[in-house]
Amino acid sequence: MKNSAEFYNRIAADYDRMTRFEDKLAVRQSVLRGILERYPAQSVLDIACGTGINAIALARLGIAVTASDIATEMLDQARENARRFQAPVDWIGADMLLLAETVAGRSFEMVLCLGNSIPHLAGPEELRRLCEHMHGLLSPGGVFIVQLLNYDRVLAEGERIVNITRHEDETYIRFYDFLDPHLRFNLLKVAWDGDAVRWQMESTRLYPFRAVEVEVAARKAGFSDRQLFGRLDFSVYESSTAGNIVLVARKQSAGSGIQT
């Protein structure tokens, strides 16, 4: 995870402008309210939290939130965002593969990993380890919710452009190079000053997990109930059309039947 930490530390100053943090906070709060209505929880662990949009939205909904990230610059921005929006969050700097050691002895009713974070893992074995760690941090009956882009579709269609956004005189272009089996994720920032233009590009490597790999990792980690969706509104997952892969994996409740 070291390379991804360095990548996000380098882009931290631009991240909230690129993702339109303030414009999207209210929308994210509504999305998370819908998740909590379906899967009630009062204690949530938000891993790979970035600049904190999900953690802050949850705190504003009255949830006890612990949030972690490996990139110190992103976490500093998250703390500043929490101060601005008066959101109480317990922030932790940690690699998500080592987080179980950092919060040992604690448990949560829900663990979230949203926003295409798990592709920064090296491959299926690291994903299985992550799922095992999160399974151990969940209380009985708790849920682990993972969101990533639909790489079944990205790989099938050869989709290179992830997103293009603009903030005032700055344009941010996110795109892939296909390396097989990995992707190189590139962020190109183009800044205009009249007719003069400056540009800067940062890159990091991703592993494009397919839906079946995500579900298998959760099964091997011991999650008794696993469902795949196409978005965080729990729409049906269709590999050729869905924007996201969303996994909801539930830990077996105490005294319940055999895991599947």
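Overview of the structure. Owing to the predicted nature of the structure, the values given are computational and were not obtained by experimental measurement.

### Digging into the side chain of Lys-251
One can find Lys-251 in the segment after strand 11 (244–250). Buried charge Lys-251 goes without a salt bridge, the closest partner of opposite sign being Glu-132 at 12 Å. Polar contacts involving the side chain of Lys-251 include one to the main-chain carbonyl oxygen of His-135, which spans 3.0 Å. Those residues in contact with Lys-251 that sit more than four places away from it in its chain are His-135, Gly-136, Leu-138, Ser-139, Pro-140, Gly-141, Gly-142, Phe-223 and Ser-224.

### A few points about the environment of Leu-61
Mapping Leu-61 onto the fold places it in the loop between helix 3 (53–60) and strand 2 (64–69). Here Leu-61 falls in the partly exposed class, since its relative accessible area comes to 25%. Between the alpha carbons of Leu-61 and Arg-174 there is a distance of 31 Å; along the sequence they are 113 residues apart. Beyond its immediate sequence surroundings of up to four residues, Leu-61 is in contact with Gln-29, Leu-32, Arg-33 and Leu-36.

### Notes on the packing of helix 6 (residues 124–137) against helix 8 (residues 211–220)
Packing of helix 6 against helix 8 leaves a shortest axis separation of 8 Å and a crossing angle of 45°. Comparing the axis directions of helix 6 and helix 8 gives the class oblique. In the packing of helix 6 onto helix 8, the handedness of the crossing is right-handed. Contacts from Pro-124, Leu-127, Arg-128, Cys-131 and Glu-132 in helix 6 reach Glu-213, Val-214, Ala-217, Ala-218 and Lys-220 in helix 8. Across the contact of helix 6 with helix 8, the residue classes tally to six nonpolar, no polar and four charged.

### Points about the sheet that holds strand 9 (residues 196–206)
Spatial strand order, 6-7-8-9: four strands in an open sheet with antiparallel pairing. Bordering the open sheet on either side are strand 6 (161–167) and strand 9, each of which pairs with just one other strand. Direction aside, the axes of adjacent strands within the sheet are offset by 15° on average.

### Examining the packing of helix 2 (residues 21–38) against helix 3
A pair of packed helices can be characterised by two numbers: the angle between their axes and the separation between those axes. Axis separation between helix 2 and helix 3 bottoms out at 8 Å; the angle between their running directions is 60°. One element, helix 2, and the other, helix 3, form an angle in the oblique class. The element helix 2 and its partner helix 3 pack so that their crossing is right-handed. On helix 3, the residues that touch Phe-21, Lys-24, Leu-25, Arg-28, Gln-29, Leu-32 and Leu-36 of helix 2 are Ile-53, Asn-54, Ile-56, Ala-57, Leu-58 and Arg-60.

### Some remarks on the sheet that holds strand 5 (residues 138–149)
Strands belonging to one sheet form pairs held by backbone hydrogen bonds; the direction of such a pair is parallel or antiparallel. The seven strands are arranged 3-2-1-4-5-11-10 in an open sheet whose pairing can be described as mixed. Each of the sheet's edge strands pairs with one partner strand only, and the pair in question is strand 3 (90–93) and strand 10 (225–229). Strand after strand, the sheet turns through a mean of 15° between neighbouring axes, direction not considered. Its contacts with the sheet place helix 3 against strand 1 (43–46), strand 2, strand 3 and strand 4 (108–113), and it is angled at close to 170° to strand 2.

### Considerations on the nonpolar core
Grouped together as the largest cluster of nonpolar side chains are 50 residues, with contacts concentrated most on Ile-47, Ile-118, Leu-127, Leu-130 and Phe-144. The contact partners of Ile-47, leaving out residues within four places of it in the chain, are Ser-68, Met-96, Leu-99, Val-111, Leu-112, Cys-113, Leu-130, Met-134 and Phe-144. With 34 residues, the next largest nonpolar core counts Ile-63, Ala-82, Leu-112 and Val-248 among its residues.

### Overview of unusual backbone geometry
Look at the link from Asp-180 to Pro-181: it is a cis peptide, with omega at 10°. Secondary-structure assignment places Pro-181 in the loop between strand 7 (170–178) and strand 8 (183–193). In the Ramachandran plot, Ala-48 falls in the positive-phi region, its phi being about 55° despite a non-glycine side chain. The backbone phi angle of Asp-180 is positive, close to 55°, even though this residue is not glycine. Its place among the elements puts Asp-180 in the loop between strand 7 and strand 8.

Calculation criteria
- Residues numbered from 1 in each chain as written.
- Predicted model: local features only at pLDDT ≥ 70, side-chain atom pairs only at ≥ 80, totals over all residues.
- Heavy atoms only, no water.
- Helix = DSSP H or I, 4+ residues; strand = E, 2+ residues; numbered from the N terminus.
- Buried < 20%, exposed > 50% of the residue type's maximum accessible area, 1.4 Å probe, protein only.
- Lys, Arg positive; Asp, Glu negative; His and termini not counted.
- Salt bridge = Lys/Arg side-chain N within 4 Å of Asp/Glu carboxyl O.
- Polar contact = N/O pair within 3.5 Å; in protein donor to acceptor, adjacent residues only side chain to side chain.
- Contact = heavy atoms within 4.5 Å.
- Axes fitted to C-alpha atoms, helices over the stretch in contact; angles between N-to-C directions.
- Parallel < 35°, antiparallel > 145°, perpendicular 65-115°, else oblique.
- Left-handed = near helix turned anticlockwise from the far one by under 90°.
- Nonpolar A, V, L, I, M, F, W, Y, C, P; charged D, E, K, R; others polar.
- Pairing = 2+ DSSP bridges.
- Core = buried A, V, L, I, M, F, W, Y, C linked by side-chain atoms within 4.5 Å.

Worth remembering: the numbers are spatial, not functional.
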